[in-house]
Amino acid sequence: CGNKQEKSEPVTSELMPSQIVGIGKVVPHGGVVNLAAPASGIVNEIYVNTGDTVKKGDLILTLNSTDEELSVNEANTRIRSQELSVESAQISLAQEHIAHKEQQRLLNDAKELLEVGATTGENVRLLQNEFNQSDEQLKKAENDLRLQQSQLSELKIQQATRVNNFEKTKFYAPLDGILLDLVPKVGEALNLHQQYGRISPNKPLVVLVEIDELFADYLSLGQACIIKLPGSSEVAATGEIIRISPDLKKKSLFSDGGTDLEDRRIREIEVSINETYKTLFIESKVECSVQLN
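Residues numbered from 1 in each chain as written. Predicted model: local features only at pLDDT ≥ 70, side-chain atom pairs only at ≥ 80, totals over all residues. Heavy atoms only, no water.

Undergrad: Give me the lowdown on the overall build of the protein chain, citing residues and values where you can.
TA: The helix and strand tally for the protein chain stands at two helices and 15 strands. On C-alpha atoms alone, the protein chain measures out to a radius of gyration of 39 Å, which is more than a quarter above the 19 Å that the 2.2 N^0.38 rule sets for 293 residues. Taken along its principal axes, the extent of the C-alpha atoms in the protein chain is 150 × 55 × 40 Å. For the protein chain, restricting intrachain contacts to residue pairs at least 6 apart in sequence, the fraction spanning at least 24 positions comes to 78%. For the protein chain, the accessible area works out to roughly 18,800 Å², and carbon and sulfur atoms hold 49% of it. If you average the places of the 31 positive and of the 44 negative side-chain charges in the protein chain, the two averages end up 3 Å apart. (Helix = DSSP H or I, 4+ residues; strand = E, 2+ residues; numbered from the N terminus. Rg over C-alpha atoms; globule rule 2.2 N^0.38 Å. Contact = heavy atoms within 4.5 Å. Areas by Shrake-Rupley, 256 points an atom, 1.4 Å probe, with all protein chains shown as cover. Lys, Arg positive; Asp, Glu negative; His and termini not counted. Charge placed at Lys NZ, Arg CZ, Asp CG, Glu CD.)

Structural data, given as structure tokens:
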């Protein structure tokens, strides 16, 4: 009780680090593109190999398309037949126009003759009935033509759908780049929307880096970065921060499974590669040191 303790202020020695080190992965700007199958079927032929440079629209592979090709041929045949039906309806309509004009002329002549007493009213009434019937026949021919044209339009829509299904059996490159992976082999089955390959876009390489949440507030755009290969003290490249995620994320770049129970968050940054001293491969693991001072 006699011991007298002097009050002392706690000493804080929080010092700002000179650099922050994070683990990163080399990727093209915008990331690697996963290719999804637009149709399901059996792989018939492959036209490129892993590592090949492809252009947008280059054919990568085709599926067995026998059924789709037969369906397209059937649609083409039906369209040709329907086009003949439309042509026949047009001829019938033209004939009805001629007959209608002739009935109109005969009726007008009979009316003029009736005024001068050169014909009877009964004859005029008969010609009027024939003209009315011709008018109805003309309307029917016009409707028949519209019906045939409508059926032709429907067949063309069906044909477009079948052609589209046929084209889906041909897998094309969606952009310029390097084919990193191509999973299926000839004879293997692919399901709709199944990932069958990956393309690295023809864009500059960047480094996606995960920085521990403890140092999330130290990051800012434009900070210089030094990139090294794992276990090496030599500089592989230099760059600067060009993007910082606005939120904290789970570790994801090199997570091997879902059994990791460590509850740590990271802030993701994207680092441009300004100057290289060693070859950096796509999706290679690197160490990135963010220079704070």
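Additional details are given in the paragraphs that follow.
Undergrad: How would you sum up the sheet that holds strand E3 (residues 41–46)? Please name residues and give values.
TA: As summarised here, the arrangement of the four strands in space is E6-E5-E3-E8, forming an open sheet in which the pairing is antiparallel. Of all strands in the sheet, those with a lone pairing partner are strand E6 (170–172) and strand E8 (189–190), marking the two edges. Bridging between strand E5 (residues 59–63) and E6 involves three bridges; their strand directions are antiparallel. Its bridge partner being in E6, Leu61 is matched across the sheet by Phe171. (Pairing = 2+ DSSP bridges.)

Undergrad: Could you give an account of the environment of Lys185, naming the residues involved and the relevant values?
TA: Along the chain, Lys185 falls in the loop between strand E7 (177–182) and E8. Residue Lys185 is classed as exposed on the basis of its relative accessible area of 54%. Note: C-alpha distance between Lys185 and Ile42 (143 residues apart in sequence) is 9.4 Å. When sequence neighbours within four positions are dropped, the list of residues in contact with Lys185 reads Val43 and Ile46. (Buried < 20%, exposed > 50% of the residue type's maximum accessible area, 1.4 Å probe, protein only.)

Undergrad: Outline unusual backbone geometry, listing residues and values.
TA: For His193, which is not glycine, the phi torsion reads 70 degrees and is therefore positive. You can see His193 is positioned in the loop between E8 and strand E9 (195–201). A positive phi angle is found at Glu283, which is not glycine, with a value near 70 degrees. Looking at the secondary structure, you find Glu283 in the loop between strand E14 (265–276) and strand E15 (285–291).

Undergrad: Which residues make up the side chain of Ser200, and what values go with them?
TA: Within the element layout of this structure, Ser200 appears in strand E9. With residues up to four places along the chain from it excluded, the contact list for Ser200 reads Pro28, Asp176, Gly177, Ile178, Leu180 and Ile282.

Undergrad: Report on the packing of helix H1 (residues 66–115) against helix H2 (residues 121–167), specifying residues and quantitative values.
TA: H2 packs onto H1 with a crossing angle of 165 degrees between their chain directions and a minimal axis gap of 7 Å. In this view, H1 runs roughly antiparallel relative to H2, as classed from their interaxial angle. Regarding H1 and H2, the two cross each other, and that crossing is left-handed. For the contact of H1 with H2, a count of residues per class yields 21 nonpolar, 20 polar and 13 charged. (Axes fitted to C-alpha atoms, helices over the stretch in contact; angles between N-to-C directions. Parallel < 35°, antiparallel > 145°, perpendicular 65-115°, else oblique. Left-handed = near helix turned anticlockwise from the far one by under 90°. Nonpolar A, V, L, I, M, F, W, Y, C, P; charged D, E, K, R; others polar.)

Undergrad: Can you lay out the sheet that holds E9 for me, pointing to particular residues and giving the numbers?
TA: Strand pairing in a sheet takes place through backbone hydrogen bonds and is either antiparallel or parallel in direction. An order of E2-E9-E7-E4 is seen for the four strands of this open sheet, with the pairing classed as antiparallel. With one partner strand each, in any of the chains shown, strand E2 (33–36) and strand E4 (53–54) form the two edges of the open sheet. Alignment of E4 against E7, held across two bridges, turns out to be antiparallel. Pairing of Val54 across the sheet is with Gly177, part of E7.

Undergrad: I'd love a proper account of the nonpolar core, names of residues and values included.
TA: By size, the foremost hydrophobic cluster in this structure holds 20 residues, and its most contacted members are Val207, Leu219, Ile227, Ile241, Ile269, Val271 and Val290. At the level of elements, strand E1 (19–28), strand E10 (205–212), strand E11 (224–228), strand E12 (235–244), E14 and E15 are the ones that each hand at least two residues to this core. No other element matches the four residues that E12 contributes to this core. Formed by 16 residues, the second largest nonpolar core is a distinct cluster that contains Ala39, Val43, Ile60 and Leu61. (Core = buried A, V, L, I, M, F, W, Y, C linked by side-chain atoms within 4.5 Å.)

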